[in-house]
Amino acid sequence: MTRALDRVGTAGVLEHEAIFYRDVDDFVDGVGRFVRDGLAAGEPVLVSVPGQRHDPLRAALGAEAEQVTLLDMTTIGRNPGRIIPAVRKFCDAQPPGRIRFVGEPIWVGRNEAEIRECTRHEALLNLAFQDTPVTILCPYDSAGLDPVTLSDALRTHPVIVDGAERRGSSDYVDPLSIYLSPDYPLPPPPADAVSLQFGPGALPQIRRFVRERLREASLVGDRGDDLLLAVNEVVTNSLVYGGGHGTLRLWTEPTQPSVIVEVSDRGRIDDPLVGRHTPRAGAEGGRGLWLVHQFCDLAELRSDASGTTIRIHARI
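This is a predicted model, so every value here is computed, not measured.

The rules behind the values
Residues numbered from 1 in each chain as written. Predicted model: local features only at pLDDT ≥ 70, side-chain atom pairs only at ≥ 80, totals over all residues. Heavy atoms only, no water. Helix = DSSP H or I, 4+ residues; strand = E, 2+ residues; numbered from the N terminus. Rg over C-alpha atoms; globule rule 2.2 N^0.38 Å. Buried < 20%, exposed > 50% of the residue type's maximum accessible area, 1.4 Å probe, protein only. Areas by Shrake-Rupley, 256 points an atom, 1.4 Å probe, with all protein chains shown as cover. Lys, Arg positive; Asp, Glu negative; His and termini not counted. Charge placed at Lys NZ, Arg CZ, Asp CG, Glu CD. Pairing = 2+ DSSP bridges. Arc of directions from axis to C-beta. Axes fitted to C-alpha atoms, helices over the stretch in contact; angles between N-to-C directions. Polar contact = N/O pair within 3.5 Å; in protein donor to acceptor, adjacent residues only side chain to side chain. Core = buried A, V, L, I, M, F, W, Y, C linked by side-chain atoms within 4.5 Å. Contact = heavy atoms within 4.5 Å. Phe/Tyr/Trp six-rings, centres within 6.5 Å; stacked < 30°, edge-to-face > 60°. Lys NZ or Arg CZ within 6 Å of the ring centre and 35° of its normal.

Enquirer: What's the story with the overall build of the protein in this structure? I'm lost.
Expert: When helices and strands are tallied, the protein shows 11 helices and 12 strands. Relative to the compact-globule value of 20 Å for 316 residues, the protein shows a C-alpha radius of gyration of 20 Å, a close match. Each principal axis of the C-alpha atoms in the protein carries an extent, and together these give about 60 × 40 × 40 Å. Within the span of the protein, comprising 316 residues, buried residues form 53% of the whole. When the accessible area of the protein is evaluated, it comes to approximately 14,500 Å², of which 51% is carbon and sulfur surface. The average position of the 34 basic charges and that of the 44 acidic charges among the side chains of the protein differ by 5 Å.

Below, the structure written as structure tokens:
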């Protein structure tokens with residue numbers, strides 16, 4: 001693992017850069033330069049940034065904008081666990097050669113839980129694409145984001161872009177140290193969280209329990225069904241791989257109205273990219289946590305020798 005990580009940031013494989021911008025003009029200048037350099041080199045370019053940045057960037061690129069695949073990050077990256085599979089899909093669809101990707105998963109207005117997971121996502125990019133010829137640029141709003149988030153960007157990106165200059169980040173650390181760091185703990189559930197212990201044969205009871213709680217929270221229809229399916233996948237994993245027993249907790253978050261479900265068990269998950277590998281057609285297994293990311297607005301996973309906790313969010 002160490003030898004592979006040593007190659008991050010070299011011209012031969014992954015180049016992962018952060019750029020800090022102060023306003024829209026600054027954003028367009030930095031991102032536009034990156035995109036044009038890629039197009040001039042004949043590289044396919046994927047840009048996924050919040051929708052309000054699309055029109056200024058298109059205007060700056062002019063006719064060259066037609067050569068760029070432009071996606072709204074607030075859609076594909078609302079749950080940051082979906083970003084790596086989306087970029088991998090784009091890479092796999094291109095002919096052999098280097099690819100460029102602009103991704104802005106952290107924008108002003110993200111809540112603490114989302115920023116926590118986006119920071120971990122930025123670290124995981126270095127693992128997911130360490131052997132892929134892709135250049136990734138991640139813009140950060142230095143005027144709107146808090147200092148801790150901006151500082152974390154220096155830890156998760158091997159290269160920092162300053163105008164037309166590129167330099168190595170002296171603060172960059174091993175991606176696994178971010179993923180495993182105690183600096184990003186899950187806050188404890190609130191005192192009013194409802195709890196249910198489960199064991200073998202408990203899935204029907206859990207589905208009834210969760211469905212009733214979702215109805216009480218007015219999370220119904222497709223949104224409620226998606227969360228129920230996600231809970232089913234997580235609990236099934238606990239029953240099959242997590243020792244056969246676990247604890248489910250459920251509560252609502254009023255500030256950005258949502259339902260949060262947490263499942264804990266005594267199992268351990270060692271793959272830091274679990275849920276971020278797109279399952280191959282016909283493959284058995286490996287779909288559970290990938291489906292959870294597709295169904296939910298956010299999924300948080302913490303796993304160590306003491307057990308695994310998966311917390312999933314769905315906005316009402």
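Enquirer: Quick question: what am I supposed to make of the pairing of strand 12 (residues 307-315) here?
Expert: The side chains of a regular strand alternate between both faces of the sheet. Buried residues dominate strand 12, accounting for 8 of its 9 residues. As defined by bridge partners, strand 10 (residues 258-265) adjoins strand 12 across 8 bridges and the pair is classed as antiparallel. Its bridge partner lying in strand 12, Glu-262 is registered against Arg-311.

Enquirer: Mind showing me how you'd approach helix 3 (residues 54-61) here?
Expert: Think of an α-helix as turning once every 3.6 residues; residues three or four places apart then point the same way. When helix 3 is considered as a whole, its buried residues turn out to be His-54, Leu-57 and Leu-61. The buried residues of helix 3 occupy one face: seen down the axis, they fall within an arc of 70°. In helix 3, the exposed positions that point more than 90 degrees away from the buried face belong to Asp-55 and Ala-59.

Enquirer: So what exactly am I meant to see when it comes to the sheet that holds strand 2 (residues 45-49) here?
Expert: One open sheet holds the 7 strands; their spatial order is 3-2-4-5-1-6-7, and the pairing between them is mixed. Looking at strand neighbours, the two that pair on one side only are strand 3 (68-72) and strand 7 (165-168), the edges of this open sheet. Ignoring which end each strand starts from, the neighbouring axes of this sheet average 20° apart. As paired strands, strand 2 and strand 3 are joined by 5 bridges and run parallel to one another.

Enquirer: Just checking my understanding: could you explain the environment of Asp-270 for this structure?
Expert: With respect to the helices and strands, the residue Asp-270 is situated in the loop between strand 10 and helix 11 (288-295). When the C-alpha positions of Asp-270 and Asp-304 are compared, they lie 8.0 Å apart, and in sequence the two are 34 residues distant. Within the structure, the side chain of Asp-270 is placed 3.1 Å from the side chain of Arg-268, a separation counted as a polar contact.

Enquirer: Honestly, the nonpolar core in this entry has me stumped. Any pointers?
Expert: Note that soluble globular proteins tend to have their nonpolar side chains buried in a common cluster. One finds Phe-129, Ile-206, Val-210, Leu-227, Val-231, Leu-248 and Ile-312 to be the most contacted residues of the largest nonpolar core, which totals 59 residues. In contact with Ile-312, not counting residues within four places along its chain, are Leu-227, Ala-230, Val-231, Val-259, Ile-260, Val-261, Val-292, Cys-296, Leu-298 and Ala-299. In this structure, Phe-27, Val-49, Leu-57 and Val-161 belong to the second largest nonpolar core, which totals 18 residues.

Enquirer: For this particular structure, what's the right way to read the packing of aromatic side chains?
Expert: Two aromatic rings are characterised by how far apart their centres lie and by the angle between their planes. Applying the stated criterion across every chain, the model contains 2 aromatic pairs. On the numbers, 5.8 Å between centres and 40° between planes, the contact of Phe-20 with Tyr-140 is tilted. Here Phe-20 is found in strand 1 (residues 15-21), whereas its partner Tyr-140 is found in strand 5 (residues 134-141), with 120 residues between them in sequence. Look at Phe-20 and you get partly exposed, because its relative accessible area is 25%. We classify Tyr-140 as buried; its relative accessible area is 2%. With a centroid separation of 5.1 Å and an interplanar angle of 70°, the aromatic rings of Tyr-21 and Phe-27 are classed as edge-to-face. The buried category is assigned to Phe-27, whose relative accessible area is 1%. Taking the ring centre of Phe-34 as reference, the NZ or CZ of Arg-100 above it sits at 4.6 Å. Lying over the aromatic face of Phe-209, Arg-213 brings its terminal NZ or CZ to 5.0 Å of the ring centre.

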